[in-house]
Amino acid sequence: MQPILEIAGLTKTYKGGFTALRNVDLSIRKGEIFALLGPNGAGKTTLIGAVCGLVRPSSGTIHAFGEDMGRHWRRLRARVGLVPQELATDMFEPVLRSVNHSRGLFGLAPNPALIEEILRALSLWDKRDAQIRTLSGGMKRRVLIAKALAHEPELLFLDEPTAGVDVELRRDMWKQIARLRERGTTVILTTHYIEEAEEMADRVGIIRKGEILMVDDKATMMKRLGRVEALISLAQPLAGLPEFLSAYPVTLIEEGAVLCYRGGEGGVAGTAEVAELTKALTRAGIDYTGIDIHESSLEDIFVNLLEGPDGPSAEAAA
Amino acid sequence: MNIFNVRSAWTIYKQELMRAFRTALQSILAPVLTTTLYFVVFGAAIGSQMSGGVDGLNYGAFIVPGLLLLTILGESTSNASFGIYMPRFTGAIYELLSAPVGVAETLVGFVGAAATKSLILAAIILLTASFCVDYSIAHPFYAFLYILLVSASFSLFGFILGIWADSFEKLTIVPMLILTPLTFLGGTFYSIDSLPEPWRAVAMANPIVYLVNGLRWTFYGSSDVPIGLSLGLTLLFLLVCVGFISWVFRTGWRLRT
């Protein structure tokens, strides 16, 4: 199937010489929720800006819906929506007028029924006549989402949609985004909340210093890079590792009182190996009093990737 | 491919006009009051002391076109500059830049609204002036067209100013420190012909002289400079502004990073 968005060799170098994006290649599938993860300053917002027309790329191509964004910007932008990171809108406008304005800006005829549906879905209908400046932070963010949805985009960018939003509202927004996917909208969201990507995304891309480090299905990524850590509390401390344990990725910690297993790329293989290990311990007559087993979360994978050979940790040590 | 979206342009135009009416006290009443005070002080009070008048006109009538222009230049520039500067300042410009909107819709929306507001102001000012001074308009249709042309030109200029400015100070510095003094010295209150040389030659280097005299011609059928020259220079200014804004949109200067 043709990707809904295809970015090839995208580079953005600002006037001062700072390169925000380095030769980025990215392909987004129709109907998916794609999470772009990265620390602050990684290039997430620049990447979105380049697609949406806010940033002028230095080189590279962007194709949306199979057509060149640079050449057919007018036709293609009409099908793309953007919710920015900052709460940027005319705060003195009432909610309803502001959302209607967004629809009109995209050249569409008024559609009161649709706008009502959007506002109701975002729990904003009761606030339709309120000036945006009088709303809470979470509501303001929802107004921006409503504005981005007013022209019924097929591809929606959400730049840090839940930044500064409380836990309850964040979960509420996740539901909204899931509903968008059900309606066939492709969603690309940037976040630095790993939990958000883990909860919602079909695929995850990790960006650091303007480079895409990895793009994969969330499940595949966790299977490929996930690890298992098991802490086996021994009934009697061991002075050293017995020979039969050399086949396992284990170490003794806490003065021999705990056997630590770290390994098993991909969660399933890891837990099976821990089961093997416990059987081997029993066979060898080594008693244990407890097992604390932990599978890598997306966050662990994210941190490991970012702290790779060129990561912040390595830089700090250098 | 659709190259001009009427609905997009109308949406921007409507929004900008609403913004003006939302701040009606500041954007409509204040300039009308200021200009009316000029008519009362210079036209009715001081003008009544000047028995000879200027260029065969009573002084109150003589200053009407210049004072009208003073307001139009300032308001057109300020309105259009604030119109585009504010979304740049707050970040709300993202919506315009990510929409399928080109330079034509943007200009019709922002500049059209600023020019419309200037026309409304001009109408109110002319009406209030009629209570203070005795004036007539020899060529009402040409006067309307000329006011429209000047409003549009200086709204375009204001739009450029709003894109160039990166602070509120820069936004206000041009109308306050350049346009207003040039208009005062541009023959609003006196006839350029009455100046001795070399001051007359110096005055002719002031572009506002041609604007004031162009409008004065539409009011009274005569002026210090030929109407063709005034019209030609105003049109040239408008075209230069349109050209510059087209370049801004093509290159993204100050709009897109």
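Residues numbered from 1 in each chain as written. Chains lettered and ligands numbered in written order. Predicted model: local features only at pLDDT ≥ 70, side-chain atom pairs only at ≥ 80, totals over all residues.

Asker: Could you give an account of the overall build of chain A, with specific residues and numbers?
Answerer: In terms of helices and strands, chain A carries eleven helices and 14 strands. Counting across all 318 residues of chain A, residues that qualify as buried make up 39%. (Helix = DSSP H or I, 4+ residues; strand = E, 2+ residues; numbered from the N terminus. Buried ≥ 20, exposed ≤ 12 C-beta atoms within 10 Å, placed from the backbone.)

Asker: Pulling in residues and values, what's your account of the overall build of chain B?
Answerer: Along chain B, the regular secondary structure elements total ten helices and zero strands. Reading chain B from its N terminus to its C terminus gives the helix and strand order α-α-α-α-α-α-α-α-α-α. Here the C-alpha atoms of chain B give a radius of gyration of 19 Å, agreeing with the 18 Å that 2.2 N^0.38 yields for 257 residues. Projected onto its principal axes, the C-alpha positions of chain B cover 60 × 35 × 35 Å. Within chain B, the proportion of its 257 residues that are buried is 45%. Sequence-distant contacts, at least 24 apart, represent 80% of the contacts inside chain B between residues at least 6 apart. (Rg over C-alpha atoms; globule rule 2.2 N^0.38 Å. Contact = placed C-beta atoms within 7 Å.)

Asker: Give me the lowdown on unusual backbone geometry, citing residues and values where you can.
Answerer: Outside of glycine, negative phi angles account for most residues, and trans bonds account for most peptide bonds. A cis amide bond links glutamate 197 of chain B to the next residue, proline 198 of chain B, at an omega of 10°. Phi at glutamate 152 of chain A takes a positive value of approximately 50°, unusual for a residue other than glycine. Counting through the fold element by element, glutamate 152 of chain A comes out in the loop between helix 5 (137–149) and strand 7 (155–159). Overall, the presence of 17 C-beta atoms within 10 Å leaves glutamate 152 of chain A in the partly exposed class. Of note in the backbone geometry, glutamate 255 of chain A takes a positive phi value of approximately 55° without being a glycine. Tracing the backbone shows glutamate 255 of chain A in the loop between strand 12 (250–253) and strand 13 (258–263). Using a count of 9 C-beta atoms within 10 Å as the deciding quantity, one classes glutamate 255 of chain A as exposed.

Asker: Describe helix 5 (residues 103–132) of chain B, and please don't skip the residues or the numbers.
Answerer: The terminal C-alpha atoms of helix 5 of chain B lie 42 Å apart, and with 30 residues this matches the ideal 44 Å at 1.5 Å per residue to within 8%. At glycine 112 of chain B, helix 5 of chain B is deflected by roughly 25°, the largest bend along its length. (Expected span 1.5 Å × (residues − 1). Bend = angle between axes of the 7 residues up to and from the residue.)

Asker: Before we move on, could you go through the sheet that holds strand 11 (residues 228–234) of chain A and cite the residues and values that matter?
Answerer: Residues and elements named next belong to chain A. Here we have four strands laid out as an open sheet, ordered 12-13-11-14, and antiparallel in their pairing. Across the chains shown, the open sheet's two edge strands, defined by having one partner strand only, are strand 12 and strand 14 (288–295). When the angles between neighbouring strand axes are averaged without regard to direction, this sheet yields 20°. Both strand 12 and strand 13 contribute to a ladder of four bridges, which runs antiparallel. (Pairing = 2+ DSSP bridges. Axes fitted to C-alpha atoms, helices over the stretch in contact; angles between N-to-C directions.)

Asker: Outline the packing of helix 7 (residues 168–188) of chain B against helix 9 (residues 207–220) of chain B, supporting the account with residue identities and numerical values.
Answerer: Two packed helices can be described by the angle between their axes and the distance between those axes. All names here are of chain B. Contact geometry of helix 7 with helix 9 gives a least axis separation of 8 Å together with a crossing angle of 55°. For the element pair helix 7 / helix 9, the angle class is oblique. Between helix 7 and helix 9 lies a crossing whose hand is right-handed. Judged by residue contacts, Leu182, Thr183, Gly186, Gly187 and Thr188 of helix 7 engage Ile208, Val209, Val212 and Asn213 from helix 9. (Parallel < 35°, antiparallel > 145°, perpendicular 65-115°, else oblique. Left-handed = near helix turned anticlockwise from the far one by under 90°.)

Asker: I'd like a rundown of the environment of isoleucine 206 of chain A, residues and numbers included.
Answerer: Locating isoleucine 206 of chain A in the fold gives a position in strand 9 (residues 203–208). Distance from isoleucine 206 of chain A to phenylalanine 302 of chain A, taken between C-alpha atoms, is 7.5 Å for residues 96 residues apart in sequence.

Asker: Describe the interface of chain A and chain B, and please don't skip the residues or the numbers.
Answerer: Opposite the 25 residues of chain A that make contact, chain B presents 22 residues. Secondary-structure elements contributing two or more residues to the side of chain A that touches chain B are helix 2 (73–77) and helix 3 (95–105) of chain A. At four residues, the largest contribution of residues to the side of chain A that touches chain B is made by helix 3 of chain A. The residue makeup of the side of chain A that touches chain B, split by class, is 13 nonpolar, six polar and six charged. (Nonpolar A, V, L, I, M, F, W, Y, C, P; charged D, E, K, R; others polar.)

Asker: Can you break down the nonpolar core residue by residue, with the values?
Answerer: In terms of nonpolar packing, the biggest core is built from 73 residues, with Ala35, Val51, Ala146 and Phe157 of chain A touching the most fellow members. With six residues, the single largest contributor to this core is helix 5 of chain A. With near-sequence residues (within four places) excluded, valine 51 of chain A lies in contact with Leu5, Ile62, Met69 and Phe157 of chain A. Core analysis: the second largest hydrophobic core is formed by 59 residues, Ile72, Val150, Ala165 and Leu171 of chain B among them. (Core = buried A, V, L, I, M, F, W, Y, C linked by C-beta atoms within 7 Å.)

Asker: Describe the pairing of strand 6 (residues 80–83) of chain A, listing the residues and the values that go with them.
Answerer: All names here are of chain A. Going residue by residue along strand 6, you find Val80 and Leu82 tucked away on one face and Gly81 and Val83 tucked away on the opposite face as well. Both strand 6 and strand 7 contribute to a ladder of four bridges, which runs parallel. Each bridged residue has a counterpart across the sheet, and for valine 83 the counterpart in strand 7 is leucine 158.

Asker: Tell me about the UniProt feature "transmembrane region" (unreviewed entry) in chain B, and please be specific about residues and values.
Answerer: Residues and elements named next belong to chain B. Taking the UniProt record as the reference, the feature "transmembrane region" (unreviewed entry) is found at residues 28–50, 56–73, 144–165, 171–192 and 225–249. Annotated as 83% helix and 0% strand, the span residues 28–50 places its first and last C-alpha atoms 31 Å apart. With 82% helix and 0% strand, the stretch residues 171–192 has end C-alpha atoms that lie 30 Å from each other. (UniProt positions renumbered as here; feature names shortened; annotations may be inferred.)

Asker: Hey, could you go over the sheet that holds strand 5 (residues 67–68) of chain A for me, with residue numbers and the actual values?
Answerer: Whenever strands of a sheet pair, they do so through backbone hydrogen bonds, lying parallel or antiparallel. All names here are of chain A. Strand order in the open sheet formed by four strands is 2-1-4-5, and the pairing between neighbours is antiparallel. Every interior strand has two partners, whereas the edge strands, strand 2 (19–28) and strand 5, have only one. Both strand 1 (residues 5–13) and strand 2 contribute to a ladder of six bridges, which runs antiparallel. Counted as the bridge partner of glutamate 6 is serine 27 from strand 2.

Asker: Help me get a handle on the confidence of the model for chain A, residues and values and all.
Answerer: All names here are of chain A. Looking at chain A, the pLDDT average stands at 87 and 91% of residues meet or exceed 70. Of all the helices and strands in chain A, helix 11 (residues 312–317) carries the lowest mean pLDDT, 39, while helix 3 carries the highest, 96. Low confidence marks residues 311–318, where pLDDT is under 50. Its contacts with residues over four positions away, or in another chain, come to five contacts. (pLDDT = per-residue confidence, 0-100.)

Asker: With reference to specific residues and values, describe helix 2 (residues 24–46) of chain B.
Answerer: Residues and elements named next belong to chain B. When the local axis directions of helix 2 are compared, the greatest deviation, roughly 30°, occurs at alanine 30, which is followed within four positions by the proline proline 31. Along helix 2, the positions that sit buried rather than exposed are Pro31, Thr35, Tyr38, Phe39, Phe42 and Gly43. On its buried face, helix 2 sits against helix 3 (59–90) and helix 5.

Asker: Quick one: what's the story with the domain arrangement of chain A, residue by residue and with numbers?
Answerer: In terms of domains, chain A is made up of domain 1 (5–223) and domain 2 (227–295). Averaged C-alpha coordinates put domain 1 of chain A and domain 2 of chain A at centres separated by 45 Å. (Domains from an automatic or database assignment.)

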